[in-house]
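# Fold and geometry: a report
Chain by chain, the residues run as shown.
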Amino acid sequence: MSRKRKLRDLMGIFKDKASLIKANLSTKRSVSSIQVAVIRATTHASESPPHDHRISAIISAGDHSLPAIYACIEAIMDRLHRTHNPYVALKCLFVFHNIMAKGSLLYKDHISFSPSSGGHNSLNLSGFYDKSDIETRELSSWVRWYANVLERNMITSRALGSYISPSSRLSINFDKITERKGNIGFSSKSDFVTEMESLVCMVEGICETPESQHFQKNDLVHEVMILVAEDYRSTQYHIMIRLVELGDRVSRLNYLDLSELILSLKRLEGCRKKLNKLFIRRKNDLFWEMVNEKKMEMEKLKYERERQSFLLWNVDEKSGELTRSSQKVAGNNQQLLFAAA
């Protein structure tokens, strides 16, 4: 370990101690205990992921009342936006993600406040960058990627009206999915198109992982990828049930919706190679077969509609030519009659 790295770690320990002292001096004991729990879960000292009991303490602290939820969210966001250390930032995001997956419905409702509308929960880490050394520069890219995935998770959850992050390990059963046909309602076809677009954007966000192979062996990054893998599997599930629900209604889609859905499914297929590489044990060929079959069905329908439109256009064009020819002949006949007169 270099001298510079040792000095940085020592400074991190001092910062954590100073933050703990400041939190303990707070006159609001309930808020103070939450702040302490967040600091202990996101220390500078260790490059390992937060211990389960640390995360559980934060989740349980915010499961009882709105003031406690607000205090938890504020403590995490304050810690996240004040730090320049990528390990601390990644731990904050990891805690945030665990709340999204395991927190109460009330907790999830407040933590998933729409980031796209400038809400106070906007992660806003697109500019996060620690240039101290090669390691921190590479890890900073993981922080930016992870924040983007979580923001996309929140946006997609709001679009669907249900949460992407599963509270427990999700097992996709095709038979059970097909049984759900007709149980998912859409107020309009545009809802279906919007939801599919949001789900595909979620997959694309996951697919944009940094290329650094070194950090994929890092314990903290490994735990992050486990949670993200569950989100990916949940996203697959939501896509599959919507494709099954679409069923025979494909023929009732208008041309614009049909075109948008085909484009979305093509973009989804474009992610397959990278996703199979990221999640070797979650290839799920059945999912990709369903996506491809539905895409081909819609492409065939689109082609038939375009062919029919072309034929109708030709008929109209020929009819127009005949009309113009008839008018021209009639005009010539009239001229001859006038000339004869």
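See the structure printed just above.
Residues numbered from 1 in each chain as written. Predicted model: local features only at pLDDT ≥ 70, side-chain atom pairs only at ≥ 80, totals over all residues. Heavy atoms only, no water.

### Considering the packing of helix H4 (residues 66-82) against helix H5 (residues 86-102)
One way to put it is that H4 packs onto H5 with a least axis distance of 8 Å and a crossing angle of 155°. Here H5 runs roughly antiparallel to H4, going by the angle between their axes. Relative to H5, H4 is oriented so that their crossing is left-handed. Residues Ile76, Met77, Arg79 and Leu80 of H4 form the contact with H5, whose own contacting residues are Val88, Ala89, Cys92, Leu93, Val95, Phe96 and Ile99. Split by residue class, the contact of H4 with H5 holds 10 nonpolar, no polar and one charged. (Axes fitted to C-alpha atoms, helices over the stretch in contact; angles between N-to-C directions. Helix = DSSP H or I, 4+ residues; strand = E, 2+ residues; numbered from the N terminus. Parallel < 35°, antiparallel > 145°, perpendicular 65-115°, else oblique. Left-handed = near helix turned anticlockwise from the far one by under 90°. Contact = heavy atoms within 4.5 Å. Nonpolar A, V, L, I, M, F, W, Y, C, P; charged D, E, K, R; others polar.)

### Considerations on the nonpolar core
Among the nonpolar cores identified, the biggest contains 81 residues, and Ile58 and Tyr146 are the most heavily contacted of them. Counting residues per element, this core draws most heavily on helix H10 (residues 219-246), at 13 residues. (Core = buried A, V, L, I, M, F, W, Y, C linked by side-chain atoms within 4.5 Å. Buried < 20%, exposed > 50% of the residue type's maximum accessible area, 1.4 Å probe, protein only.)

### Structural notes on unusual backbone geometry
Although it is not a glycine, Asn124 adopts a positive phi angle of roughly 50°. Turning to its location among the elements, Asn124 is positioned in the loop between helix H6 (105-111) and helix H7 (134-160).

### Brief notes about the state of the cysteines
A complete count under the given rule lists zero disulfides for this structure. Looking at the unpaired Cys271, the closest cysteine sulfur is the one in Cys207, lying at 4.1 Å. (Disulfide = S-S within 2.5 Å.)

### Some words on H4
Residues that lie three or four places apart on an α-helix share one face, since the helix turns once every 3.6 residues. Taking 1.5 Å of rise per residue, 17 residues should cover 24 Å, and H4 covers 24 Å from first to last C-alpha, within 8% of that figure. Of the surrounding elements, those touching the buried residues of H4 are helix H1 (3-24), helix H2 (29-41), helix H3 (52-61), H5 and H6. (Expected span 1.5 Å × (residues − 1).)

### Considering the packing of aromatic side chains
Per the stated rule, a full pass over the model turns up four aromatic pairs. Relative to Trp145, the ring of Trp142 has its centre 5.5 Å away and its plane inclined at 85°; by these criteria the two rings are edge-to-face. Of the two residues, Trp142 and Trp145 are both situated in helix H7; the distance of three residues between them amounts to about one turn of the helix. Like Trp142, the residue Trp145 is buried in the burial classification. (Phe/Tyr/Trp six-rings, centres within 6.5 Å; stacked < 30°, edge-to-face > 60°.)

### Remarks on the environment of Thr43
Tracing the chain through its elements places Thr43 in the loop between H2 and H3. Here the alpha-carbon distance between Thr43 and Cys92, two residues 49 residues apart in the chain, equals 9.5 Å. When neighbours within four sequence positions are excluded, Thr43 is seen to be in contact with Asp16, Arg79, Val88 and Lys91.

### Examining the pattern of salt bridges
Considering all chains together, one arrives at 12 salt bridges under this definition. Glu211 serves as the salt-bridge partner of Lys274, at 3.7 Å between the closest nitrogen and oxygen. Taken together, the residues span a long stretch of sequence, with Lys274 in helix H12 (residues 272-278) and Glu211 in the loop between helix H9 (189-207) and H10 at a distance of 63 residues. Here Lys274 falls in the partly exposed class, since its relative accessible area comes to 22%. On the basis of relative accessible area, Glu211 is assigned to the exposed category, the value being 57%. In this structure, Arg249 engages Glu245 in a salt bridge whose closest nitrogen and oxygen atoms are separated by 3.2 Å. For Arg249, a relative accessible area of 29% translates into the label partly exposed. Judged by its relative accessible area of 9%, Glu245 falls in the buried class. Counted as one network, the salt bridges with shared partners bring together Glu197, Glu204 and Arg267. (Salt bridge = Lys/Arg side-chain N within 4 Å of Asp/Glu carboxyl O.)

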